[in-house]
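What follows is the residue order along each chain.
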Amino acid sequence: QHSLFSVFSKFGPLYSVRAHRNAAVAGPGYYAIIKFYSAGDASRAQRACNGQRLFQKSPLKVCVCTKQKGFQQQVLALNSNKCQELANHYFGFNGWSSRIITLQNVSGFDGGNEELGETLQKRSVKYLCAVEVTLPNHGVRTRGVALGEADIENSEDPLEFVTATRRVQKLAVGKALSSAFQKILLVVLENGKVAVEYDSTQEELTDSLTEEELKGLVQV
């Protein structure tokens with residue numbers, strides 16, 4: 001997998017690289033599935049690498065996968081780590097920034113009921129986070145709002161409570177950052193330049209709120 005990554009990452013950022021052993025009926029050997037973020041990068045890699053001896057004696061056969069008819073693939077949002085990886089690649093480390101507008105503990109705001117005289121050992125920790133992503137060179141600014149939640153098996157254990165709280169805070173921030181990036185469209189041109197557009201179809205009601213209104217949303 002390391003050799004594959006080294007070769008194909010030269011054509012553009014990779015989403016994933018997975019190598020598998022051939023099925024018994026296909027004979028000895030391996031095959032790999034390499035996913036690019038950009039279809040253009042994948043096409044360039046296929047044309048350059050197909051039939052070449054890249055890191056082994058026998059030439060590689062490289063094909064571009066196409067979707068099968070009648071097969072609908074669910075489009076999932078990229079996680080925050082993947083979003084940051086893409087941002088660093090196309091904009092540079094100093095070409096974008098993010099900041100947390102608010103990170104609030106909203107545990108207990110769901111109106112959960114506890115029967116009289118009964119102590120519950122299991123409780124839930126919830127944090128609501130709002131994040132802003134800014135691309136100063138492109139004049140684009142987006143927000144993302146998300147909820148992080150986790151159950152605590154033993155609420156009497158202080159260490160478990162602190163550990164769960166930190167985990168939920170990190171989860172909420174990551175989900176909010178991912179949500180903010182979903183509103184950014186990257187258009188990679190043939191000359192390598194990148195154009196950025198704001199995807200208004202992903203707008204949420206919270207995008208129209210001021211920072212003070214957003215911070216006071218839960219408190220109200």
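1. Things to note about the overall build of the protein chain
Moving on, step 1. Per the secondary structure count, the protein chain includes five helices and seven strands.
Moving on, step 2. Along the protein chain, helices and strands appear, N-terminal first, in the series α-β-β-α-α-β-β-β-α-β-β-α.
Moving on, step 3. Considering the protein chain as a whole, with its 220 residues, one finds that 32% of them fall into the buried category.
Moving on, step 4. When contacts within the protein chain are restricted to residue pairs at least 6 apart in sequence, long-range pairs at least 24 apart make up 58% of them.
Moving on, step 5. Carbon and sulfur atoms make up 51% of the accessible area of the protein chain, which amounts to about 15,200 Å² in all.

2. A few points about the side chain of S38
Moving on, step 1. Relative to the assigned elements, S38 resides in the loop between β2 (30-36) and α2 (39-49).
Moving on, step 2. At 3.2 Å, the side chain of S38 forms a polar contact with the backbone nitrogen of G40.

3. Description of helix α4 (residues 158-181)
Moving on, step 1. Between its first and last C-alpha atoms α4 spans 35 Å; for 24 residues at 1.5 Å apiece the expected length is 34 Å, and the two agree.
Moving on, step 2. Those residues of α4 lying buried are A164, T165, V168, A172, G174, A176, L177, S178, S179, A180 and F181.
Moving on, step 3. Looking at the buried side of α4, the elements it contacts are α3 (80-91), β3 (97-105), β4 (123-135), β5 (140-152) and β6 (184-188).

4. Looking at the environment of T163
Moving on, step 1. Mapped onto the elements of the fold, T163 is located in helix α4.
Moving on, step 2. Sequence separation between T163 and I152 is 11 residues, and the spatial gap between their C-alpha atoms is 9.6 Å.

5. Concerning the packing of aromatic side chains
Two aromatic rings are characterised by how far apart their centres lie and by the angle between their planes.
Moving on, step 1. This structure, assessed with the given rule, holds two aromatic pairs.
Moving on, step 2. A ring pair is formed by Y15 and Y37, whose centres lie 5.7 Å apart and whose planes are at 90°; its orientation type is edge-to-face. Within this pair, whereas Y15 is found in strand β1 (residues 14-21), its partner Y37 is found in the loop between β2 and α2, the two being separated by 22 residues in sequence.
Moving on, step 3. Summarising the aromatic geometry, the rings of W96 and F181 are spaced 5.5 Å apart at their centres and angled 65° between planes, so their arrangement reads as edge-to-face. Of this pair, W96 sits in the loop between α3 and β3 while F181 sits in helix α4, placing them 85 residues apart in sequence.
Moving on, step 4. Classification of F181 by relative accessible area gives buried; the value is 9%.
Moving on, step 5. Stacked on the ring of Y15, the Lys or Arg K82 has its end atom at 4.7 Å from the ring centre.

6. Details of the environment of L14
Moving on, step 1. Considering the arrangement of structural elements, one finds L14 in strand β1.
Moving on, step 2. The class of L14 is buried, set by a relative accessible area of 5%.
Moving on, step 3. Taking the C-alpha atoms as reference points, L14 and K35, separated by 21 residues in sequence, lie 6.0 Å from one another.
Moving on, step 4. With residues near it in sequence (within four places) discarded, L14 still touches F5, F8, S9, I34, K35, F36, Y37 and E85.

About the cut-offs
- Residues numbered from 1 in each chain as written.
- Predicted model: local features only at pLDDT ≥ 70, side-chain atom pairs only at ≥ 80, totals over all residues.
- Heavy atoms only, no water.
- Helix = DSSP H or I, 4+ residues; strand = E, 2+ residues; numbered from the N terminus.
- Buried < 20%, exposed > 50% of the residue type's maximum accessible area, 1.4 Å probe, protein only.
- Contact = heavy atoms within 4.5 Å.
- Areas by Shrake-Rupley, 256 points an atom, 1.4 Å probe, with all protein chains shown as cover.
- Polar contact = N/O pair within 3.5 Å; in protein donor to acceptor, adjacent residues only side chain to side chain.
- Expected span 1.5 Å × (residues − 1).
- Phe/Tyr/Trp six-rings, centres within 6.5 Å; stacked < 30°, edge-to-face > 60°.
- Lys NZ or Arg CZ within 6 Å of the ring centre and 35° of its normal.

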